[in-house]
Structure formats: C-alpha cells, structure tokens
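Letter by letter, the chains look like this.
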Amino acid sequence: MDGKLVAGEVKKQVAVHVQQLEKHGTVPFLVTIQVGDDAASASYLKAKHKAADEVGIRSESHHLPADTSQDKLEALLGQLNTNPKVNGILVQLPLPPGFNEERVIERIIPYKDVDGLHPINAGKLAAGHEELVPGTPKGVIKLLNYYKVPVAGSRAVIINRSNLVGRPLANLLLNRDATVTVCHSKTPNLSGMTRTADILVSAVGKEVFQIRAEHVKPNSTVVDVGLTRVDGKLRGDVDFEKVNRVAGYITPVPGGVGPMTIACLLENTILASSIQIGLKV
Ligand code: GUN
C-alpha cells in the first residue's frame, strides 16, 4: 500500500477545500508548537509545514525552549484559542520531562484540536461520532479504504494502546464493524494473537523487528506504524522483505503511514476551519 500515492490524493482534495474556504473569506491557518529540541519532532514539524504550504494552508511554528514553564505554554495556548485567525493548533509530542501533557492537551479548545487528542474529541470518537480524529489512525483507515481492504467482519489486531494511535484506531475499526483486539507489552502469547489477524497494525518502534513472517496470517493486511532510526536509516516494526511474501497487503516504511498522518492533519485543519465558520464539508 503506497502511502505517498494515497496521501497525494488526499492533499489534492484538501487543496480544493482550501479554495472553497478562501471563497468564504477564510485562509485556513495552522499553528504548531514545539517545546525543546528533539530532533525527530523538529523533522516531523518541518514535513507538516512543508505539506501545509503545498496545499495552500497558512502555517506558523512556535519553538519554545525546553525550560519553558507549564504556565507559559498554557498561556500561549490561551491566546491561540481566542485568536479568530487561528483554525488549528498542534502541540508536538512528546513534551520534555516535567510537563503535564494531559493538562496541555486539555487547554486546547476542542474545535481547534487538529490532533484529535482532547478528551472531548477522543470521547466523541469512542461514542461513535467521528469529528477531529488523530491523523495516524485516520490515515490507516484511508489506506484500507483506498485499497478496498474489507474491514467490516474482519479480525483486526493492533499492537499499541496510545492515545495517538492504538485507542483511536481501535475505535475507528470498531465503528466500521471490525472485531478488534488491542495488544500491548503485557499481552500473553502475542504471536498467537497476530496470526489470527486479517488486519494487523503494529506501532511499537523498537530496533529489532517486531513482526516477522511467522507472526502473520497468509494474505492478511499488515500496516506498519513503527518508526525507528537504525544506523541512520528509517525502519518500521515489520520485516518487510519476508512479510511481503506472506501478506496480501503491506505498508512500507518510509512511504507508508507517515505521509498519511500528515495528509490527515491537513484534512483536519480544513475540517476545523469549516466547523469554525459553520460550513458543511
Ligand atoms: N508525535 C508523534 N506523532 C505525533 C502526532 O501525530 N501529533 C503530535 N502532536 N505529536 C506527535
């Protein structure tokens, strides 16, 4: 499954929506915040701003030092919340040690929360109402849709229980009538689980391959959300060469889920802008 290709399609649609919003007098505006100097965060944000540029979304980044206080960060969010020109707010995670991440996320006004992490947005998703949904799981669903992978009635296994990936993805798949199992570091007999999966999603991010050929059901769909740098090269959780011979569909790393995350962030910025001006999309 070619994430670059599908992300390109999503971005084309986003660009059309940007033009529609401009006709209504709104230039969608995304603001990102990075605290500290984590190199991976900086490179993700660079890619997000570049992609925003490509589709005509205006964007701005705030880079704060690692020793910024919780109060100062929350004050900035307060200003962005009330600034009518700002449509989307994203705080790149993880924050440096010492921050209360939960309080930061809750400080973002839900209708500008383009990461879909605010408990209001996460709660809506869990209740079956999808509005602003985190980009990575939304991107996984778009990939499955594009390649017509049957979801309803399938058995999905997710290795990850984070608020950014595993939990929202479980809800998205459940909303589409999959039978979902969420696995984590304390799951017994993990390979027994993964071998039952019609759709297997792995988001672990460790240096050794988590998913090898013997872990995968023949002809199933394997989605690799893992991202690790090994000897300077980006790598996922899945031993691509070997699993590719067993699986029906598989995503590469890089070029799989990563570009989809970014495309969905852009789509969320359009959705947030539309919600704010009361426009149906
Ligand atoms: N860190 C890793 N992925 C993400 C993401 O999608 N959003 C934010 N805010 N932080 C991240």
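Read on for an overview of the structure. As the structure is a prediction and not an experimental result, all values here were calculated from the model.

Cut-offs applied
All chains use their own residue numbering, which begins from 1 and follows the written sequence. The predicted origin of the model limits local features to residues at a pLDDT of at least 70 and limits the giving and counting of side-chain atom pairs to 80 or more, whereas totals for whole chains, interfaces and linings rest on all residues. With hydrogens and water excluded, all non-hydrogen atoms of the structure serve as input to the side-chain values. Numbered from the N terminus, helices here are DSSP runs of H or I no shorter than four residues, and strands are runs of E no shorter than two. The patches described consist of residues with a relative accessible area above 30% and no salt bridge, like charges being joined within 9 Å and nonpolar side chains (Val, Leu, Ile, Met, Phe, Trp, Tyr) within 5 Å. The accessible surface values rely on the Shrake-Rupley method and a 1.4 Å probe; as for residues, cover is taken only from the protein chains in view. Here, a salt bridge means any Lys or Arg side-chain nitrogen found within 4 Å of an Asp or Glu carboxyl oxygen. Partly exposed describes any residue whose relative accessible area lies between the buried limit of under 20% and the exposed limit of over 50%, with all areas from a 1.4 Å probe on protein chains only and scaled to the type maximum. His is not counted, nor are the chain ends; Lys and Arg add positive charge and Asp and Glu add negative charge. Here a polar contact means two N or O atoms within 3.5 Å. Within protein one must be a hydrogen donor candidate and the other an acceptor candidate, and residues neighboring in sequence count only if both atoms are side-chain atoms. DSSP-based pairing: two strands are paired if at least 2 bridges between them are found. Every axis in this analysis is a line fitted to C-alpha atoms, fitted for helices over the stretch in contact. Angles between the N-to-C directions lie between 0 and 180 degrees. For this analysis, residues touch if any pair of their heavy atoms sits within 4.5 Å.

Let us now look at the environment of Ile120. Within the fold, Ile120 resides in helix 5 (residues 119-126). Taking the C-alpha atoms as reference points, Ile120 and Gly56, 64 residues apart in sequence, are found 28 Å from one another.

Further remarks concern a nonpolar patch on the surface. A surface patch of nonpolar side chains, about 240 Å² in accessible area, is lined by Tyr44, Leu227 and Leu234. By the secondary structure assignment, Leu234 is in strand 9 (residues 233-235).

In this section: the side chain of Asp113. Relative to the helices and strands, Asp113 resides in the loop between helix 4 (101-107) and helix 5. Within the buried set, Asp113 has no salt-bridge partner at all; the shortest N-O distance to an opposite charge, 9.8 Å, is to Lys124. A distance of 2.9 Å separates the side chain of Asp113 from the backbone nitrogen of Leu117, its partner in a polar contact. Within polar-contact distance, the side chain of Asp113 engages the side chain of Asn121 at 2.8 Å.

A separate point is the sheet that holds strand 2 (residues 58-64). Taken in spatial order, the three strands make up an open sheet running 2-1-3, and their pairing is parallel. A single partner strand is all that each edge strand has here, and the edge strands are strand 2 and strand 3 (88-91). Across this sheet, the average inter-strand angle for adjacent strands is 15°, counted without regard to direction. In terms of strand pairing, strand 1 (residues 29-35) meets strand 3 through four bridges, oriented parallel. Bridging from a neighbouring strand, Thr32 pairs with Leu90 of strand 3. In the packing of helix 2 (residues 39-55) onto the sheet, the strands contacted are strand 1, strand 2 and strand 3, and the crossing angle to strand 1 comes to about 170°.

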